Amino acid sequence: MARVLVLNATYEPINVCTLRRAAVLLLKEKAELLERREGAALHSEHMTMARPDVIRLFNYVRIPREAHRRKITRRAVLARDSWTCQYCGSTKSGLTVDHVIPRSRGGESVWENIVAACANCNRRKGNRLPREIHMHPKNSPKAPPPTVFIQVASPKIPAAWQQYLPAAA
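The paragraphs below set out a description of the structure included in this document. Everything numeric here is computed off the predicted structure, so don't read it as measured data.

## With respect to the environment of N59
For N59, the position within the fold is in the loop between β4 (48-57) and α2 (67-70). Between the C-alpha atoms of N59 and A9, which are 50 residues apart in sequence, the distance is 5.6 Å. Among residues more than four places away in sequence, those in contact with N59 are N8 and A9.

## Quick word on helix α1 (residues 19-27)
Of the positions making up α1, those classed as buried are L19, A22, A23, L25 and L26. Viewed along the axis of α1, the buried residues span an arc of 160 degrees, placing them on a single side of the element. Set apart from the buried face of α1 by more than 90 degrees, the exposed residues are R20 and L27. Each element contacted by the buried residues of α1 is listed here: β1 (3-7), β2 (13-18), β3 (31-43) and β4.

## A few points about the nonpolar core
Core analysis: the largest hydrophobic core is formed by 13 residues, its most contacted members being V4, V6, A31, I55 and L57. If you list the elements that add at least two residues to this core, you get β1, β2, α1 and β4. Looking at this core element by element, the count peaks at five residues for α1. Those residues in contact with L57 that sit more than four places away from it in its chain are V6, L7, N8, A9, I14, L25, K30 and A31. Among the nonpolar cores identified, the runner-up in size contains twelve residues, and L95, V115, C118 and I133 belong to it.

## Digging into the sheet that holds β2
An order of β2-β1-β4-β3 is seen for the four strands of this open sheet, with the pairing classed as mixed. Among the strands making up the open sheet, the edge pair consists of β2 and β3. Within this sheet the neighbouring strands show an average axis-to-axis angle of 35 degrees, counted without direction. Summarising the sheet, β1 and β2 pair through five bridges and their orientation is antiparallel. Its bridge partner being in β2, L7 is matched across the sheet by P13. Across the sheet, α1 lies against β1, β2, β3 and β4, angled at about 85 degrees from β4, the strand it touches most.

## With respect to the pattern of salt bridges
Evaluated as defined, the whole model comprises six salt bridges. Note that K125 and D98 form a salt bridge whose closest N and O atoms lie 3.4 Å from each other. Residue K125 is found in helix α4 (residues 119-125), and its partner D98 is found in strand β5 (residues 96-99); the two are separated by 27 residues along the sequence. For D98, a relative accessible area of 4% puts it in the buried group. Linked by salt bridges that have partners in common, R37, R51 and D53 make up one network.

## Observations regarding unusual backbone geometry
For Y11, which is not glycine, the phi torsion reads 70 degrees and is therefore positive. On the accessibility criterion, Y11 (43% relative accessible area) is partly exposed.

Conventions and cut-offs
Residues numbered from 1 in each chain as written. Predicted model: local features only at pLDDT ≥ 70, side-chain atom pairs only at ≥ 80, totals over all residues. Heavy atoms only, no water. Helix = DSSP H or I, 4+ residues; strand = E, 2+ residues; numbered from the N terminus. Contact = heavy atoms within 4.5 Å. Buried < 20%, exposed > 50% of the residue type's maximum accessible area, 1.4 Å probe, protein only. Arc of directions from axis to C-beta. Core = buried A, V, L, I, M, F, W, Y, C linked by side-chain atoms within 4.5 Å. Pairing = 2+ DSSP bridges. Axes fitted to C-alpha atoms, helices over the stretch in contact; angles between N-to-C directions. Salt bridge = Lys/Arg side-chain N within 4 Å of Asp/Glu carboxyl O.

See the structure below:
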């Protein structure tokens, strides 16, 4: 499915939407086209428009700063960890999430205690503490940056989006 990066009036990335939604925002003059897909266009009976890749809203949309911290989902954890097992570095499909300090041992379900893990590492670690089995995450888990939703919506970031995203994305 075609995705379009949506920027706030201040050029901050705020969302990823469908091609159809982006076309509607452009037609209703709620957004402007910043980047278009080369060699692609949208056609209707009465008009043709460039296929958007990046759009910017004309009106500023207030986004609560802590909104990205509230929801811990499997996809958000995998996106934060770049779809890589934090124990062995594997990027194979079928990644799971692992509580570094297992819930059965008092660990909480918070960003700082959850990492991406391949099924083999997750099974091998089981409900043991990292020091007991000498399996420590390669990166210390922490809350993701606000742009994690962009990685969730589009694991492969198109080149046209790069200049609008912070380096961490």
